[in-house]
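# Structure at a glance
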Amino acid sequence: MKKIIVPLFAILLFINCRKQPAAPTGLVTEKAMVVSAREEASKIGVEIMKKGGNAFDAMVATEMALVVAYPFAGNLGGGGFMVYRKADGDVGGLDYREKAPLSGHKDMYLDSLGNVIPGMSTQGATAVGVPGTVAGIIEVHKKFGKLSLEEIFEPVIALAENGIVVTENQEKRLSSQRDKFIEINGDSTFFATEFKAGDMIKYPALAKTMRSIAKNGRDGFYKGEVAKKLATFIQENGGFVTEEDLAKYEAKWRQPVIFNYKDLRIVSMSPPSSGGVTINQIFKMMESHDVASYGHNSAKTVQLFTEASRRAYADRNYYLGDPDFVDIPLDVLLSDGYLTERMANFSWDKATKSSEVERGNVEIVESMETTHYSIVDDEGNAVSVTTTLNGAYGSKLYSDELGFFLNNEMDDFSAKPGVPNMFGLIGAQANSIAPEKRMLSSMTPTIVEKDGKLWMVVGTPGGSTIITAVAQTILNGYEFNMSMQDAVNAPRFHHQWLPDMVIFEPEGFSAELKETLSKKGYIVNEERTPIIGKVDAIRVLPNGKLEGGADKRGDDTAVGY
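The text that follows walks through the structure, step by step, so that each part is easy to find.

About the criteria used
Residues numbered from 1 in each chain as written. Predicted model: local features only at pLDDT ≥ 70, side-chain atom pairs only at ≥ 80, totals over all residues. Heavy atoms only, no water. Helix = DSSP H or I, 4+ residues; strand = E, 2+ residues; numbered from the N terminus. Contact = heavy atoms within 4.5 Å. Expected span 1.5 Å × (residues − 1). Bend = angle between axes of the 7 residues up to and from the residue. Buried < 20%, exposed > 50% of the residue type's maximum accessible area, 1.4 Å probe, protein only. Pairing = 2+ DSSP bridges. Axes fitted to C-alpha atoms, helices over the stretch in contact; angles between N-to-C directions. Salt bridge = Lys/Arg side-chain N within 4 Å of Asp/Glu carboxyl O.

## Quick notes on the environment of glutamate 139
On the secondary structure map, glutamate 139 appears in helix H4 (residues 133-144). Sequence spacing of glutamate 139 and valine 60 is 79 residues, and the spatial spacing of their C-alpha atoms is 10.0 Å. Sequence-distant contacts of glutamate 139, that is, excluding residues within four places in its chain, are made with Leu94, Ala251 and Trp253.

## Examining helix H5 (residues 149-162)
Taking 1.5 Å of rise per residue, 14 residues should cover 20 Å, and H5 covers 20 Å from first to last C-alpha, within 8% of that figure. At proline 155, H5 shows its strongest bend, of approximately 30°. For H5, the complete set of buried residues consists of Leu149, Ile152, Phe153, Pro155, Val156, Ile157, Leu159 and Ala160. Following H5 by one or two positions, glycine 163 adopts a phi angle in the positive range, close to 105°.

## Brief notes about the sheet that holds strand E15 (residues 453-458)
Read across the sheet, seven strands follow the order E1-E20-E19-E15-E14-E9-E8 without closing on themselves; strand pairing throughout is antiparallel. The open sheet has two edge strands with one neighbour each: strand E1 (28-29) and strand E8 (257-261). With five bridges joining them, E8 and strand E9 (residues 264-268) adopt antiparallel strand pairing. The residue of E9 that forms the bridge with isoleucine 258 is valine 267. Sheet strands touched by helix H11 (residues 275-286): E8 and E9. Its angle to E8, the strand with the most contacts, is close to 15°.

## Side note on the pattern of salt bridges
Scanning the entire structure with this criterion turns up 36 salt bridges. Arginine 211 is the salt-bridge partner of glutamate 161, the closest N and O atoms lying 2.6 Å from each other. Of this pair, glutamate 161 sits in helix H5 while arginine 211 sits in helix H7 (residues 204-216), placing them 50 residues apart in sequence. On the basis of relative accessible area, glutamate 161 is assigned to the partly exposed category, the value being 36%. According to the relative accessible area criterion, arginine 211 is partly exposed, its value standing at 41%. Its salt-bridge partner being aspartate 500, residue arginine 310 comes within 2.8 Å of it at the nearest N-O pair. Residue arginine 310 is found in helix H13 (residues 299-319), and its partner aspartate 500 is found in the loop between strand E16 (493-494) and strand E17 (502-504); the two are separated by 190 residues along the sequence. Salt bridges linked by common partners bring Asp95, Lys252, Arg254, Asp322, Asp324 and Arg438 together as one network.

See the structure below:
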């Protein structure tokens, strides 16, 4: 009898343990939190909420503080996406992605023989799309803000004037790009200076530009003196953006992609972000499996996730683009029947070859140098925002007069269908260049509900790896019952259809696991194993408190009260 009782007790204990949410290992606060790429930005966002601002005011402040503290990706000269969930459950999305200028056309980066001109869409003024960031924050503030713009900008302008202390990570990043800054801007440019860890960088020109935005809102950037200086600067350096392009730019509210995965409800960004659609497909292809029983980062879990990703990225590259220009068959791509059919040739015995997974003959490349932040306020409003210049410091073109870098977002279009971009992503006709069209993105700001309540706010930089990093973080928390910080810290892997290889982060994956997959025909990338994403996320605990997950792969920091 005893022999039966002990195992039964153990089983009951196991079942009970599994139902208990993971104990937090990250920062826990009672009311509100910001998790971002720099402590200074997180602190300013929290400061705004303490003054009576909400999550949307904090979004404006955090976004602007990242321009100062994290010029690598924080920006006035780029764009991004926001997904929000208000305390009453209302959800929405904002697209402030950059656009092609009015003079843009599908062959603008091809030579007379029809070949892509190297570097033209990746560096310097010719790579710059019409920036959307300022339009985005003003739109958010207009719709949901509580405090005045001047009040929100005040601590940010002070940060720009008083300066930012260079971290070791920042020193490495600036040093790695310094020669490029000089090549593109000349040796008298602000960032020709060698900055070391511990140095203070002050931004008087940026502070002046921000004053113009704080005082005049949208027109403080897209019209008047700043717009004239910006357009003149871009054109003098050979670029295409005009004052008319700037004056015409508008951010756009969009319905997010909303779907269920088991008992989670996931709200993620819709096209021209590919994140929500792709993550939806991946999760739906995995949903019929008892993923938790396979074990975290086990050979079986890695294999299932890889095969779902392979098929979803193939569809992403072929079908997705700016919905204002392209008819995207979302009802088909996200239907149960279609996704069941997509996985019909999946076998546990061997890898599916990407060449056998149709749709595309296209590969995706997109920059890793993006940034994400997550915010929850004391009312229960949540904001998930991913913003970027595309490459590291964007096009590397820096306006010394206005104090910020400009994007190289034009590279996220398909310069030529079937030719990979800087991230190895291959695009199709759906993502070809057209005047005022927005380029396809992998940015995946996401909010997750559990049992009808806010459960997780999540997102990451990482170019084409963004989607897999966000998906794995959600699975870590849900299927493998990890705390928010542990879910963010866990080693990650990636597959994007083409190139047909599984990329593992260094450390955290055994030789035995890789050997098991290799024997099944998976190509394991052993050469370049980059870090995959820098996830910044917040989990709402059962008692209503918040746990931050700030990625240890960077200087990312959670701050709250």
